[in-house]
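What follows is each chain in one-letter form.
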Amino acid sequence: MQRIGVVAVIAVCIVLLSGCVTTANDNMNSTLWLQSSSEYMASSLQTYNVARGNTDLALHDKNWTAAPEQTGDFSSLPVAVVMDVDETVLDNSKYQAKLVKTGTAWSSDTWDAWLALDSAPAVPGAVDFIHFLKKKQIRVFYITNRTCRPRKQTDAKCPQEKDMIDNLARVGIAGVKPENILLKNEQPDWTSEKKTRLELIAAHHRILMLFGDNLGDFLPGVKKNITPARRHALVLQYKNNWGRKWYVLSNPIYGSWLNVLGEPKSSYLVGY
Ligand SMILES: [Mg+2]
């Protein structure tokens, strides 16, 4: 009898375990939301449509700048829009889905292998919006935390830059110049904080709008050693920028919003 009980427990465990391979991954629902929900598609289109509607306002108001880094007299500088890339212009949910399906965690090596495929589709609305900017002769700079790092198959200093240019071309954004892409570690002081790269662009351009999926695409010092409450306070401090100068894309899969939470993450759930 006791032996039958042990066998039954093992059988239940095997059944549960096989279910757990796919269901226990915290990113299952969030990845599905990005890949299959019409709501995600509508949300991204909404963001880019609102930006399109505000472009002329930003363009014609010479005192308008979206960058706190912008100082001095910027009124006569050429205009530019600054965009993050991952989960802002390119959708990497296929990489995330593979992690969910294989029960594996993010690693710099598997991420780099994904980037080398140049296969990310576009975030809904991004390509049309970038074409719209081009027609208005507004420059686009891409500040990305994809990291320049050596790759075995090539001697290129930053193969990730060519990957991005090729991937953008594949989704319909052709002819992006390397100087318009600023990758992490491309220069020694280009860290995951985007401030130094924004300052560089702001020195020579009036920045009309910022786009990103991470609070760190807009503000410095918000990605670690900070509480969710402090991040909320900063969002409110700049409340008039959202949907006017700053445009945030949805990313429920990963980001500094998650990284700033301590363990156990469940302790941050607020019930009643
Ligand atoms: Mg991003």
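Before any of the text, the structure's been laid out above.
Here we summarise the structure given alongside this text. All values reported here derive from a predicted model rather than from experimental measurement.

### Examining the side chain of Gln 160
- Mapped onto the elements of the fold, Gln 160 is located in helix α7 (residues 159-170).
- A residue is classified by how much of its surface remains accessible, and Gln 160, at 0% relative accessible area, is buried.
- Not counting residues up to four positions away in its chain, the partners in contact with Gln 160 are Asp 112, Leu 115, Thr 147, Cys 148, Arg 149, Arg 151 and Leu 183.

### Points about the coordination of the magnesium ion
- Bound to the magnesium ion on the protein side are Asp 84 (OD), Asp 86 (O) and Asp 213 (OD), at distances that span 2.0 to 2.2 Å.
- The motif formed by the donor residues of the magnesium ion, counted along the single chain, is D-x1-D-x126-D. When sorted by exposure, Asp 84 lands in the same class as Asp 86, which is buried.

### Quick word on the nonpolar core
- Counting 45 residues, the largest nonpolar core has Met 83, Tyr 142 and Phe 211 as its most contacted members.
- Contact partners of Phe 211, with chain neighbours within four places excluded, come to Tyr 48, Ala 51, Val 81, Val 82, Met 83, Asp 84, Thr 88, Phe 129, Asp 217, Phe 218, Tyr 247 and Leu 249.
- In terms of nonpolar packing, the next biggest core, distinct from the first, is built from 22 residues, Ala 67, Phe 141, Trp 246 and Leu 261 among them.

### Re the sheet that holds strand β2 (residues 139-147)
- Ordered in space as β3-β2-β1-β4-β5, the 5 strands form an open sheet in which the pairing is parallel. Strand pairing shows two members of the sheet lacking a second neighbour, β3 (181-184) and β5 (246-248), which therefore form its edges. For this sheet the average axis-to-axis angle between neighbouring strands, irrespective of direction, equals 20°.
- When strand β4 (residues 206-212) meets β5, the two strands line up parallel, connected through 3 bridges. Residue pairing for β5: Leu 210 is matched across the bridge by Trp 246.

### Focus: the pairing of β4
- Within β4, 7 of the 7 residues are buried, which leaves it mostly tucked inside the rest of the structure.
- Where strand β1 (residues 79-83) lies against β4, 5 bridges are found, and the strand directions are parallel. Paired with Val 82 across the bridge in β4 is Leu 210.
- Handedness of the β-α-β unit built from β4, helix α9 (residues 228-237) and β5 comes out right-handed.

### Description of the environment of Cys 148
- On the secondary structure map, Cys 148 appears in the loop between β2 and α7.
- In this structure Cys 148 comes out as buried when scored by relative accessible area, which is 12%.
- Separated by 89 residues in the primary sequence, Cys 148 and Gln 237 place their C-alpha atoms 33 Å from one another.
- Excluding residues that lie within four positions of it along the chain, Cys 148 makes contacts with Cys 158, Gln 160, Leu 183, Lys 184, Asn 185 and Glu 186.

What counts as what
- Residues numbered from 1 in each chain as written.
- Predicted model: local features only at pLDDT ≥ 70, side-chain atom pairs only at ≥ 80, totals over all residues.
- Heavy atoms only, no water.
- Helix = DSSP H or I, 4+ residues; strand = E, 2+ residues; numbered from the N terminus.
- Buried < 20%, exposed > 50% of the residue type's maximum accessible area, 1.4 Å probe, protein only.
- Contact = heavy atoms within 4.5 Å.
- Donors = N, O, S within 2.8 Å, 3.2 Å for Na, K, Ca; no water.
- Core = buried A, V, L, I, M, F, W, Y, C linked by side-chain atoms within 4.5 Å.
- Pairing = 2+ DSSP bridges.
- Axes fitted to C-alpha atoms, helices over the stretch in contact; angles between N-to-C directions.
- Right-handed = clockwise from strand over helix to strand, strands pointing away.

Geometric descriptors of this kind do not, in isolation, establish any biological role.
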